[in-house]
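Tertiary structure, described
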Amino acid sequence: MSASPILITGGARRLGRHCAERLCDDGHPVIVSYRRERPELDELRARGIVTLKADFSTEAGILDFIARLKAHTGSLRAIVHNASDWAPDATGEEAGATFERLFRVHMLAPYLINLHCRELLEACSEPQRDIVHLTDHVVQQGSRGHAAYAATKAGLANLTLSFAAMYAPAIQVNAIAPALIMLNEGDSEAYVEKAKAQSAMGMVPGPGVIYQSLRYLLDNRYVTGVTLPVDGGRHLR
Ligand SMILES: NC(=O)C1=CN([C@@H]2O[C@H](COP(=O)(O)OP(=O)(O)OC[C@H]3O[C@@H](n4cnc5c(N)ncnc54)[C@H](OP(=O)(O)O)[C@@H]3O)[C@@H](O)[C@H]2O)C=CC1
Ligand SMILES: Nc1nc2c(c(=O)[nH]1)N=C([C@H](O)[C@@H](O)CO)CN2
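What this report covers is the structure whose coordinates are included nearby.

Calculation rules
- The residue numbering used here restarts from 1 in each chain and proceeds along that chain's sequence as written.
- For this description, chains carry letters from A and ligands carry numbers from 1, given in the order in which they are written.
- Under the rules for a predicted model, residues below a pLDDT of 70 receive no local features and side-chain atom pairs below 80 are neither given nor counted, while totals for whole chains, interfaces and linings still include all residues.
- Heavy atoms throughout the structure, all of them, feed into the side-chain values; hydrogens and water do not.
- The helix count covers DSSP runs of H or I at least four residues long, the strand count covers runs of E at least two residues long, and both are numbered beginning at the N terminus.
- Three labels apply to residues, based on accessible area from a 1.4 Å probe with only protein chains included: buried if under 20% of the type maximum, exposed if over 50%, partly exposed otherwise in between.
- The contact criterion used is simple: two residues touch if any of their non-hydrogen atoms lie within 4.5 Å.
- Neighbouring residues are identified by heavy atoms, a residue being near a molecule or strand if any of them is within 4 Å of it.
- The term polar contact refers here to a pair of N or O atoms within 3.5 Å; inside protein, the definition further demands a hydrogen-donor-capable atom paired with an acceptor-capable atom, and it admits residues adjacent in sequence only when both atoms are side-chain atoms.
- All accessibility values rest on the Shrake-Rupley procedure with a 1.4 Å probe; residue burial counts only the protein chains present in the view.
- For this scheme, ten residues count as nonpolar: Ala, Val, Leu, Ile, Met, Phe, Trp, Tyr, Cys and Pro. Four count as charged, namely Asp, Glu, Lys and Arg, and the remainder, Gly too, count as polar.
- The criterion for a disulfide is a pair of cysteine sulfur atoms lying within 2.5 Å.
- Pairing between two strands requires that DSSP report at least two bridges joining them.
- A fitted line through C-alpha atoms serves as each axis, taken over the contacting stretch for helices, and the angle formed by two N-to-C directions is quoted from 0 to 180°.
- Patch definition: residues with relative accessible area over 30% and no salt bridge; like charges joined within 9 Å; nonpolar side chains (Val, Leu, Ile, Met, Phe, Trp, Tyr) joined within 5 Å.
- Any carboxyl oxygen of Asp or Glu within 4 Å of a side-chain nitrogen of Lys or Arg constitutes a salt bridge here.
- Charge convention: Lys and Arg are scored as positive, Asp and Glu as negative, and His as well as the terminal groups of each chain are ignored.
- Charged groups are reduced to one reference atom each: NZ for lysine, CZ for arginine, CG for aspartic acid, CD for glutamic acid.

**Things to note about the side chain of S57**
- As for its position among the elements, S57 is in the loop between strand 3 (50–53) and helix 3 (59–72).
- Judged by its relative accessible area of 18%, S57 falls in the buried class.
- For S57, the residues in contact, after removing those within four places along its chain, are R101, R104 and V105.

**With respect to the site of ligand 1**
- Lining the immediate surroundings of ligand 1 are 24 residues, of which R35, F56, N82, K153 and I181 lie closest.
- With respect to ligand 1, the backbone of R36 contributes an N or O atom lying 3.2 Å from an oxygen atom.
- One of the side-chain nitrogen or oxygen atoms of S84 is found 3.0 Å away from an oxygen atom of ligand 1.
- Protein coverage of the free-state accessible area of ligand 1, which is 890 Å², stands at 92%.
- If you list the elements that add at least two residues to the shell around ligand 1, you get helix 1 (14–25) and helix 6 (147–167).
- Looking at the shell around ligand 1 residue by residue, the class counts come to 11 nonpolar, 5 polar and 8 charged.

**Remarks on the site of ligand 2**
- Inspection of the region around ligand 2 gives R14, S84, W86, D136, Y149, A179, L180, N184, Y191 and R234 as its neighbouring residues.
- One nitrogen or oxygen atom from the side chain of D136 is found 3.3 Å from a nitrogen atom belonging to ligand 2.
- Here an oxygen atom of ligand 2 sits 3.0 Å away from a polar atom, N or O, in the main chain of L180.
- Taken together, the residues of the shell around ligand 2 break down into 5 nonpolar, 2 polar and 3 charged.

**Looking at the state of the cysteines**
- This model, assessed by the stated rule, comprises 0 disulfides.
- Cysteine C19 shares no disulfide, and the gap to the nearest cysteine sulfur, in C24, comes to 13 Å.
- Using a relative accessible area of 6% as the deciding quantity, one classes C19 as buried.
- Cysteine C117 shares no disulfide, and the gap to the nearest cysteine sulfur, in C124, comes to 13 Å.

**Structural notes on the sheet that holds strand 5 (residues 130–134)**
- Overall, parallel pairing links the 7 strands, which are arranged 3-2-1-4-5-6-7 in an open sheet. Since the sheet does not close on itself, it has two edges, and those belong to strand 3 and strand 7 (227–230), each with one partner. When strand polarity is set aside, the average angle formed by the axes of neighbouring strands in this sheet is 20°.
- Bridge count between strand 1 (residues 6–8) and strand 4 (residues 78–81): 3 bridges; the pairing is parallel. What sits directly across from L7, in strand 4, is I79.
- Its contacts with the sheet put helix 4 (residues 94–116) on strand 4 and strand 5, and the angle it makes with strand 4 is roughly 170°.

**Re a positive patch on the surface**
- Where like charges cluster on the molecular surface, the positive patch consists of R13, R14, R35 and R36.
- Position of R13 relative to the elements: it lies in the loop between strand 1 and helix 1.

**What to know about the environment of G225**
- On the secondary structure map, G225 appears in the loop between helix 8 (208–219) and strand 7.
- Judged by relative accessible area, which is 25%, G225 ranks as partly exposed.
- In the structure, G225 is positioned 93 residues away from V132 in sequence and 9.8 Å away in space, judged by C-alpha atoms.
- Ignoring any residue separated from it by four or fewer positions in sequence, one finds G225 in contact with L161, A164, V173 and N174.

These figures capture arrangement, not role.
Written out as structure tokens, the structure reads:
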């Protein structure tokens, strides 16, 4: 029987793509969701990574993705909820729409995918099945300017506890809480130096540290309901 695939939402770029490629290197079949067609998707497809289009900004879009995922596979080894919209707080009339969009991407999509795809994880013939939520260090302290993002990531962090309790022992559910892993285009030198100074390690490590944490969770049969901080020691500053 062929191995069950691992789903990474938002896995076409950056951290998610790095993890998708490393999982592929480790011999796992991989499915990624993507929102926008890009040339780099063909590189993933050439490696045998399955790409499914998804926009989690509406409930209909989430349910449509779930239906296409179920049409593609009858089982899953793991689900990694990586898709995220790091939108700053909007002002005026856009504030509510932005909050609702981030709620759908960071909370409703993981919630509905976890509920509707429980049967796919339980159909996996391997002894360990995992759900991993990508949250954020800011869950602990909030965020000036990204309050909606932080609040919806906090909701995702809480969903980790609920699903871990509901799905044990058949499915392990954990979270990874990164901070300053990869920069974005346009980040100024001043921003980078300020952000680096917020942790004891004072560095921008790149996506490998996230894959190390994901690998640990996928390989450990006794860990559930936890959040792994991967933040360079922000709590020490
Ligand atoms: N980068 C960092 O330093 C940090 C990252 N994190 C968390 O780690 C995870 C990965 O980070 P990173 O790679 O930087 O994330 P990105 O900002 O690159 O977003 C990841 C993916 O989410 C997808 N996405 C965004 N909006 C939607 C939507 N409405 N529907 C479906 N997919 C969507 C994007 O798809 P597309 O590109 O196709 O639009 C993108 O590929 C995220 O959950 C993030 O919050 C937390 C702290 C620090
Ligand atoms: N979806 C995303 N979430 C976050 C990103 C990102 O690029 N995409 N980046 C950060 C920052 O690195 C922040 O940690 C710097 O302090 C947070 N979340």
